[in-house]
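Residues per chain, in single letters:
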Amino acid sequence: MMFATMHKKFFYFFSLLLFFACKSMSFQAHIPQRIQATTLQLLGDHIQYTLQIDIPASVIKKNYVYTFEPIFCYGKNEVVTLDTIDISIKDSSKDYHTEKAYHFPYKTGMREGILKVKWCVKNKKGKTIQEDIVFLQKGVMTTAQLVKVPQTVIFHNIEVNETATQTLHTRFFFDKGQSSIRAVDMKNFKKDLQSIQKHTIKQICIQGSHSPEGPSVLNETLVNHRIVNTKQWLEKYFQKKNIDYKTTVLYNDWTLMQKQLKLCKNMSTVDQESLAAIIANSNMSFEGKQKKIQSLPFYETIQNTVYPTLRNTDIVIQYIPVSKTDAMIEDIAKKYLQEEKKSISLTVEEWQKAGFLAKDDLLLKEKCFEKVASLQGDDMSYCNLGNVYLEMIFKQQHTAKDLTWLYTKAKDCFVLALEKNTDNAWAYLQLAVIDHMQKDFSAMKAHLNQLAALTQGSLEELPIVHVCIPLCIQIGAIAIAKDFLAKAAVNAHTSYHSALVNILQNNYTQAKEDLQKCSTLADDDHTTHYLKAMVAAHTNDIEQLTLHLQAVAQSTVKDSNPFFDITKDQAFKNYPEIIMHVNQK
């Protein structure tokens, strides 16, 4: 009896022990088989890495929720908490894989930081049945010099929508029934003519007209006299026999009157319409129209306001400007900046040349390209003006201007450029550069995407490749970087960045091929040797690792980069003896 009771107790205890063992095994079955991260790298001023998670089908339980929280610890209890990954698995019949790219600002002390992941598994009721912390990596790879964004400002020559021949337009006005040139018109016109006196006069066109008053014969004679007097006055002024004069006579013509009516502010709309109806009446003679107009109640207004503007000779002088020297253009632009002469006149092309000649005088350059943009108003002129503001930021020449204001002005210019031409690749690129400088990485990625979509064919503008690929790498936009690389011409620069992209994706075989191309196309510098050392470290090629680390050590002395500051990177953690040996040499 006693034996039976003990047997029951032993059986009960054994069953309970077996239950908890199975329960424990059940918990353990939900542990992910692989949590790992790519090398933490300092690219620009941000640390970047990708977290990779694999859960085999053999341990997956349907409708369980897996949560992964990456944490970066550095310094004295400093912690960077990053976005969590929540996985709710609906299908337990196949392996599950996910990955997420992270980037966060680099701060002092992060170089020796530790990346770990806190994870847990919850059942259908939300109860945590298993949790743990996995330590992934220690240290950050600091090779920012490999992917620096060039602070390049490219100014563009713009197409000027003007021919070599320019025009000066003016009028001589005459008193009623008179053909003599008024003294006030002579005085004013001489001032205008002084500006073109040194230029080559190609042609002068004179068109005479009269007000619709008096007999037709008298009007015709009057107009001809006005034209002859105007021509004689111009011939005497220029004293040149080789000028081509062309004359046109407009008499008994209502076209000019109709134009002047639209400019007349002293007449109501109703009055203008009734007058326009008389003018348009084709069945009425010239004299008949005169009488009809004279009978209008507002005829006095017409006499005092409209008719005086019709008694004139219209003069158009076509001339070829004398080319100014660079020194003359620069001097004129400086006088404009100093506001010594408000009536300074330069062509669009000359203002642009003055902007190029200004060089490091950024205030003068700003005024010149501002003038070009106001005169030309196309996308490239706005790009040039935006580049001036970027140059001020790069060279830190903004003591008199607020930095925020400069960013705003630069952005406004490139946005205006895109309004003028939505296919302007430079505007998208410079907006991406500004986003990078202001650490607006989501906007930067959007602009790079727009640029990538725009450049369907090969990229012929190398500065675009030189800048946008490093930008893509810095924010982990590897797909966009690869798109640019596919369109870019093969050269040492693109081969180098292709190798860097492949290293970030752990594709060391392809990276090795890219670096070989880079060496063929140009001499290796310390950054190329550094990438070759990284590939050798990852592929356990001791001979190549030693060779390239030695080259890095020798080159970095010239660049003032301490050797051990870069050889502590994660890629070399398994080769401390080689690093020490190279450094001793």
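Residues numbered from 1 in each chain as written. Predicted model: local features only at pLDDT ≥ 70, side-chain atom pairs only at ≥ 80, totals over all residues. Heavy atoms only, no water.

Undergrad: Account for the sheet that holds strand 12 (residues 200-208), naming residues and giving values.
TA: Backbone hydrogen bonds are what pair the strands of a sheet, in a parallel or an antiparallel way. Within the open sheet, the four strands sit side by side as 11-14-12-13. Their pairing is mixed. At either margin of the open sheet sits one strand with a lone partner, and together these are strand 11 (166-173) and strand 13 (244-249). Across the sheet, the mean angle from the axis of one strand to that of its neighbour is 15°, orientation sign disregarded. Across the face of the sheet, helix 3 (residues 216-238) comes into contact with strand 11, strand 12, strand 13 and strand 14 (312-320) while running at roughly 160° to strand 12. (Pairing = 2+ DSSP bridges. Helix = DSSP H or I, 4+ residues; strand = E, 2+ residues; numbered from the N terminus. Axes fitted to C-alpha atoms, helices over the stretch in contact; angles between N-to-C directions. Contact = heavy atoms within 4.5 Å.)

Undergrad: Give me the lowdown on the packing of helix 17 (residues 492-504) against helix 19 (residues 526-538), citing residues and values where you can.
TA: Between helix 17 and helix 19, whose axes approach to 11 Å, the crossing angle comes to 30°. Taken together, helix 17 and helix 19 sit at an angle that is classed as roughly parallel. The interaxial crossing formed by helix 17 with helix 19 has left-handed handedness. On helix 19, the residues touching Tyr496, Ala499, Leu500 and Ile503 of helix 17 are Thr527, Thr528, Leu531, Met534 and Val535. Class assignment of the residues belonging to the contact of helix 17 with helix 19 gives a composition of seven nonpolar, two polar and no charged. (Parallel < 35°, antiparallel > 145°, perpendicular 65-115°, else oblique. Left-handed = near helix turned anticlockwise from the far one by under 90°. Nonpolar A, V, L, I, M, F, W, Y, C, P; charged D, E, K, R; others polar.)

Undergrad: Go over the packing of helix 9 (residues 348-358) against helix 10 (residues 362-376) with me, naming the residues and quoting the values.
TA: Two elements in contact, helix 9 and helix 10, have axes whose closest approach is 8 Å; the angle formed by their N-to-C orientations is 160°. When the axis of helix 9 is compared with that of helix 10, the two are roughly antiparallel. When the axes of helix 9 and helix 10 are compared, the crossing they make is left-handed. Across the interface between the two elements, Val348, Trp351, Gln352, Ala354, Gly355, Phe356 and Ala358 from helix 9 touch Leu364, Lys365, Cys368, Phe369, Lys371, Val372, Leu375 and Gln376 from helix 10. Looking at the contact of helix 9 with helix 10, its residues break down into ten nonpolar, three polar and two charged.

Undergrad: Outline helix 13 (residues 425-437), supporting the account with residue identities and numerical values.
TA: Between its terminal C-alpha atoms helix 13 stretches 19 Å, which fits the 18 Å expected from 13 residues at 1.5 Å a residue. Along helix 13, twelve of the 13 residues are buried, which leaves the element largely enclosed by surrounding structure. Residues of helix 13 that are buried: Ala425, Trp426, Ala427, Tyr428, Leu429, Gln430, Leu431, Ala432, Val433, Ile434, Asp435 and His436. By the N-cap criterion, in which a side-chain oxygen at the helix start approaches the backbone nitrogen of a residue two or three places on, helix 13 is capped by Asn424, the distance to Trp426 being 3.0 Å. Backbone geometry just after helix 13 places Lys439 at a positive phi near 60°. (Expected span 1.5 Å × (residues − 1). Buried < 20%, exposed > 50% of the residue type's maximum accessible area, 1.4 Å probe, protein only. Polar contact = N/O pair within 3.5 Å; in protein donor to acceptor, adjacent residues only side chain to side chain.)

Undergrad: An account of the layout of surface pockets is requested, with residue identities and associated values reported.
TA: Any empty space left between the atoms is revealed when a probe the size of a water molecule rolls over them. One number sums up the size of the second largest pocket: a volume of about 470 Å³. Lining of the second largest pocket is provided by 25 residues; of these, Gln48, Thr50, Ala101, Gly476 and Ile478 occupy positions nearest its centre. Elements represented by at least two residues in the lining of the second largest pocket include exactly strand 3 (46-55), strand 7 (96-105), helix 14 (441-454), helix 17 and helix 19. In terms of residue count, the dominant contributor to the lining of the second largest pocket is strand 3 (four residues). Partitioning the lining of the second largest pocket into residue classes produces twelve nonpolar, eleven polar and two charged. (1 Å grid on protein atoms, 1.4 Å probe; cavity = no way out; pocket = protein on both sides within 12 Å on 5 of 7 lines; lining within 4 Å. Points joined across faces, edges and corners; volume = space filled by probe spheres on them.)

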